Amino acid sequence: MLTQERPTTHRGLLQWVDEMARMCKPDRIVWCDGSAEEAKLLTQQAVADGVFETLNPEKRPDSYLHRSNPNDVARVEELTVICSPTKEEAGPTNNWMAPDEAYRKLGAIFDGSMKGRTMYVVPYIMGPAGSPFTKVGIELTDSIYVALSMGKMSRMGKVALDRLGAGGDFNKGLHSVADCDPKRRWICHFPQDNTIWSVGSGYGGNALLGKKCLALRIASTYARREGWLAEHMMILEATSPEGERRYVAAAFPSACGKTNFAMLVPPPLFSGWKLRTVGDDIAWMRVGEDGRLWAVNPEFGYFGVAPGTNMKTNPNAMRTVASNSFFTNVALTADGDVWWEGMDGPIPEDLIDWKGNPWTPASGEKAAHPNSRFTTPMSNNPVLSAFADDPRGVPIDAIIFGGRRATTVPLVLQSFDWKHGVYLGSTMGSETTAAAAGQVGVVRRDPMAMLPFLGYDMGSYFQHWLDMEARIPRPPKIFMVNWFRKGADGRFLWPGFSENMRVLKWILDRSAGKAGANETPIGYTPRESDLDLRELDARKGDVAEALSIDLPAWTRELETQADWYRSLGGTLPASLESRRQSLLEHISRS
Ligand code: GTP
Ligand code: SPV
Ligand code: MN
């Protein structure tokens, strides 16, 4: 219920809310309790305010369209800052600002930014209720869209205040859309204060502070200190026809296939397999008493890429967003439903594009923004794992790194050992996507898919990964995949999506010491005969090309990795650079 009563006796929380309200000067303060009645009232308010457009209740029950400011459609990496006490702690891959300067600079923008608006106090937990993994956050926001989205994406409201109690520690998140001016937009993280200040954007990872800001940037600093891992990884459960249940965690950069992989539907040949989603974006992993690495998904919902999602590529996502979902920057059909590029069927007539203008295919622009997204609770997912909410998490058998690489990187590669796996993750490259503002399609290093999400120095992060080996008596095996390799004519060599099951099966078999492989200078790859390729619809020669290792191309790849490693400065673990050199020598001898 909307109430002016303050539903907590936590003095630190009450004082902080008062202090932030004195700065931002909202007209009203509303404490969110996360109840269904509250969500209903806030949604009605959002519709009345024009923040949401109600979709056709027959086609898309309980669902709403949101159009963001056209200048505010993706994460902004240049404006994302780690405000640790020293620049060295943020490291060479992060933007850094001195903490007092950042508080001053953003404070000036926050000052009076909520005049005439409501400040929502949004308590939430990241992680299952009752889990030792779980962290509490409070987000103060003047965006009703953000408050409602946090209700879908996290366990929000009373559950968090209950967990916090009268004196527990919590992440202090302050968010205001302010005037949504890109020149006054900043996403600042203060790991030493467990604080996030985000201003000038209402979009996804910039504004839903539990997600990338807390669960990755801030959590990664805790993870390093406390000996665990906070990673940009999906978590997938796979039960074989024999009933063996196994788990993989996969780190692919933004818009490179995590949600799709997390909801994979096996092809008919593998119909005896049961695949279930644990998480689609973030994994927190700790060493369990049994010596294995256990993972939880700290989120409660999915903020997924809409374009390209259809009944063939990701039927489970289509079913997940069939109702009770928000859609941001997609197109609107004449009968009040949503549409995006790549959806099933013919292009509907009389579409309204993501900016709210009439659209036809002749207009030469996309109807849905390439980074348009759905927001939906995981409880909608028809293939949700029974363990998605388990406070203990799930034990990981294989870690998979993957990027979007048109050339060089084979369909799948197994590392020789943990250290080599860390090397593969640390040198991962991927073509940039629409998930972040800036140029799309240029290859950049995105180690462990964490370049935009690490809260501290990159070299120290690699050392932390290396150090984890000694802490995990029964470590997962480490693999690398690339669904995106292209032939000379520019088409994908591997059909991807449900066919990725064939690669997953090899990965699971290898992790169990079963399937065969070819030992190459850069790692183990399957021969065609090691993969189950029966009934695969692929052009002759394509799979062999997707699997192939082009040693001259790998020589160039390893040589360019030298610049990347050099750019990381003195904290780069020496063993990684020597690994790179020995791999180069290995290639030249072979
Ligand atoms: P974020 O939410 O930004 O972290 O993205 P994500 O990693 O979850 O990516 P997602 O699964 O949403 O996929 C992004 C894009 O990649 C979509 O357009 C998909 O259609 C496409 N994609 C996913 N899997 C495959 C695949 O196996 N092959 C090909 N060719 N495309 C894929
Ligand atoms: C990503 O960019 O990796 C996302 C979307 O998952 S956002 O929440 O905007 O970060
Ligand atoms: Mn992501």
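Please read all numbers here as calculations on a predicted model, not as lab measurements.

Conventions adopted
Residues numbered from 1 in each chain as written. Chains lettered and ligands numbered in written order. Predicted model: local features only at pLDDT ≥ 70, side-chain atom pairs only at ≥ 80, totals over all residues. Heavy atoms only, no water. Helix = DSSP H or I, 4+ residues; strand = E, 2+ residues; numbered from the N terminus. Rg over C-alpha atoms; globule rule 2.2 N^0.38 Å. Buried < 20%, exposed > 50% of the residue type's maximum accessible area, 1.4 Å probe, protein only. Contact = heavy atoms within 4.5 Å. Areas by Shrake-Rupley, 256 points an atom, 1.4 Å probe, with all protein chains shown as cover. Lys, Arg positive; Asp, Glu negative; His and termini not counted. Charge placed at Lys NZ, Arg CZ, Asp CG, Glu CD. Polar contact = N/O pair within 3.5 Å; in protein donor to acceptor, adjacent residues only side chain to side chain. Pairing = 2+ DSSP bridges. Domains from an automatic or database assignment. Buried area = accessible area lost by both parts, 1.4 Å probe. Salt bridge = Lys/Arg side-chain N within 4 Å of Asp/Glu carboxyl O. Near = heavy atom within 4 Å. Donors = N, O, S within 2.8 Å, 3.2 Å for Na, K, Ca; no water. Tetrahedral: all angles 85-135°; square planar, octahedral: opposite > 155°, others 65-115°. Nonpolar A, V, L, I, M, F, W, Y, C, P; charged D, E, K, R; others polar. Axes fitted to C-alpha atoms, helices over the stretch in contact; angles between N-to-C directions. Expected span 1.5 Å × (residues − 1). Arc of directions from axis to C-beta.

**Description of the overall build of the chain**
On a plain count of helices and strands, the chain comes out with 16 helices and 32 strands. Taking 590 residues into account, the globule formula puts the C-alpha radius of gyration at 25 Å, and the chain, at 23 Å, falls close to it. Projecting the C-alpha coordinates of the chain onto the three principal axes gives extents of approximately 70 × 55 × 45 Å. Counting only residues that meet the buried cut, the chain has 62% of its 590 residues in that class. In the chain, of all internal contacts separated by at least 6 residues, the share reaching a separation of at least 24 is 74%. For the chain, the exposed area adds up to about 22,000 Å²; of that, 51% sits on carbon and sulfur atoms. A distance of 2 Å separates the average location of the 66 positive side-chain charges in the chain from that of its 70 negative side-chain charges.

**Concerning the environment of Gln192**
Within the secondary structure, Gln192 is located in the loop between β10 (186–190) and β11 (195–199). The class for Gln192 is partly exposed, based on a relative accessible area of 35%. Taking the C-alpha atoms as reference points, Gln192 and Ser84, separated by 108 residues in sequence, lie 6.6 Å from one another. Apart from the residues lying within four places of it in its own chain, the contact partners of Gln192 are Cys83, Ser84, Pro85 and Pro99. Only 2.9 Å separates the side chain of Gln192 from the backbone oxygen of Cys83, close enough to count as a polar contact.

**Digging into the pairing of strand β13 (residues 234–239)**
Here β13 lies mainly inside the structure; six of its six residues are buried. Of the two faces of β13, the one holding Met234, Leu236 and Ala238 and the one holding Ile235, Glu237 and Thr239 are both buried throughout. Hairpin connection, β13 to strand β14 (residues 245–251): the antiparallel pair is bridged by five residues, and Gly243 has positive phi, about 95°. With five bridges connecting them, β13 and strand β15 (residues 274–279) associate as antiparallel partners. Considered in β15, the bridge of Ile235 is made with Gly279.

**What to know about the domain arrangement of the chain**
Split into domains, the chain comes out as domain 1 (11–51 + 76–227), domain 2 (231–300 + 388–550) and domain 3 (302–379). With centres defined by C-alpha atoms, the gap from domain 1 to domain 2 works out at 31 Å. Taken together, the contact between domain 1 and domain 2 spans 39 residues of the former and 34 residues of the latter. Summing both sides of the interface, domain 1 and domain 2 together bury roughly 3,000 Å²; the carbon and sulfur share of this comes to 57%. Run the count over domain 1 and domain 2 and you get five salt bridges. A salt bridge links Lys211 to Asp281, with the shortest nitrogen-to-oxygen separation between them at 3.0 Å.

**Considering the site of ligand 1**
In the vicinity of ligand 1 there are 22 residues, among which Ala255, Lys258, Thr259, Asn260 and Arg373 approach most closely. Between an oxygen atom of ligand 1 and a main-chain N or O atom of Gly257, the distance comes to 2.9 Å. In isolation ligand 1 exposes 660 Å². Once the protein is present, 91% of that is buried. When residues of the shell around ligand 1 are traced back to their parent elements, those giving at least two are α9 (258–262) and β18 (301–305). For the shell around ligand 1, the leading source of residues is α9, giving three residues. Both of domain 2 (231–300 + 388–550) and domain 3 (302–379) provide at least three residues apiece to the shell around ligand 1.

**Section: the coordination of the manganese ion (ligand 3)**
Taken together, Lys212 (NZ), His232 (NE2) and Asp281 (OD) make up the full set of protein donors to the manganese ion (ligand 3), lying 2.1 to 2.6 Å away. Classification of the site at the manganese ion (ligand 3) as irregular follows from its six donor atoms and the range of 64 to 175° in their angles at the metal. For the manganese ion (ligand 3), the donor residues sit on a single chain with the sequence spacing K-x19-H-x48-D. Of this pair, His232 sits in the loop between β12 (229–231) and β13 while Asp281 sits in the loop between β15 and β16 (283–287), and the two are 49 residues apart along the sequence. No difference in accessibility class separates His232 from Asp281, as the two residues are buried.

**Brief notes about the site of ligand 2**
Close to ligand 2 lie Arg75, Gly204, Gly205, Lys211, Lys212, His232, Ser254, Asp281, Phe303, Arg373, Ala435 and Phe453, which account for all nearby residues. Measuring from an oxygen atom of ligand 2, one finds a side-chain N or O atom of Lys212 at 2.6 Å. In the model, an oxygen atom of ligand 2 is placed 3.3 Å from a nitrogen or oxygen of the His232 side chain. In isolation ligand 2 offers 290 Å² of accessible surface; the protein chains occlude 98% of this area. Among the residues making up the shell around ligand 2, the classes are represented as three nonpolar, four polar and five charged. Three or more residues apiece are contributed to the shell around ligand 2 by two domains, here domain 1 (11–51 + 76–227) and domain 2 (231–300 + 388–550).

**Let's talk about the sheet that holds β12**
Pairing within the open sheet is antiparallel, and its four strands lie in the order β12-β16-β17-β25. Each end of this open sheet is capped by a strand with a single partner; those strands are β12 and β25 (394–395). Relative to β16, β12 is paired through three bridges, and the arrangement is antiparallel. Residue pairing in the sheet places Leu229 in a bridge with Met285 of β16. Packing of helix α12 (residues 458–471) onto the sheet brings it into contact with β12 and β16, and relative to β12 it is tilted by some 130°.

**Concerning the pairing of β10**
Each regular strand shows side chains that alternate between the opposite faces of the sheet. For β10, the buried fraction is high: five of the five residues fall into the buried class. Side chains Trp186, Cys188 and Phe190 of β10 all project onto a buried face; the interleaved residues Ile187 and His189 project onto the opposite face, where all are buried too. Inspection of the sheet shows strand β4 (residues 80–82) paired to β10 by three bridges, in the parallel sense. Within β10, the position partnered with Val81 by the bridge is Cys188. Taking the residues between adjacent antiparallel strands as the criterion, β10 and β11 are bridged by four residues, where Asn194 takes a positive phi near 50°.

**Remarks on helix α4 (residues 99–110)**
Over its twelve residues, α4 extends 16 Å from the first C-alpha to the last, a length consistent with the 16 Å expected when each residue adds 1.5 Å. Of the positions making up α4, those classed as buried are Pro99, Ala102, Leu106, Gly107, Ile109 and Phe110. Take α4 and look down its axis: the buried residues cluster within an arc of 155°, on one side only. In α4, those exposed residues whose orientation departs by more than 90 degrees from the buried face are Arg104 and Ala108. Two residues or fewer after α4 comes Gly112, characterised by a positive phi angle close to 75°.

**Looking at the side chain of Asn310**
Take Asn310: it is sitting in the loop between β18 and α10 (315–320). Assessed through its relative accessible area of 12%, Asn310 is described here as buried. A distance of 2.6 Å separates a polar side-chain atom of Asn310 from the backbone nitrogen of Thr313. Excluding residues that lie within four positions of it along the chain, Asn310 makes contacts with Pro315, Met318, Gly342, Met343 and Asp344.

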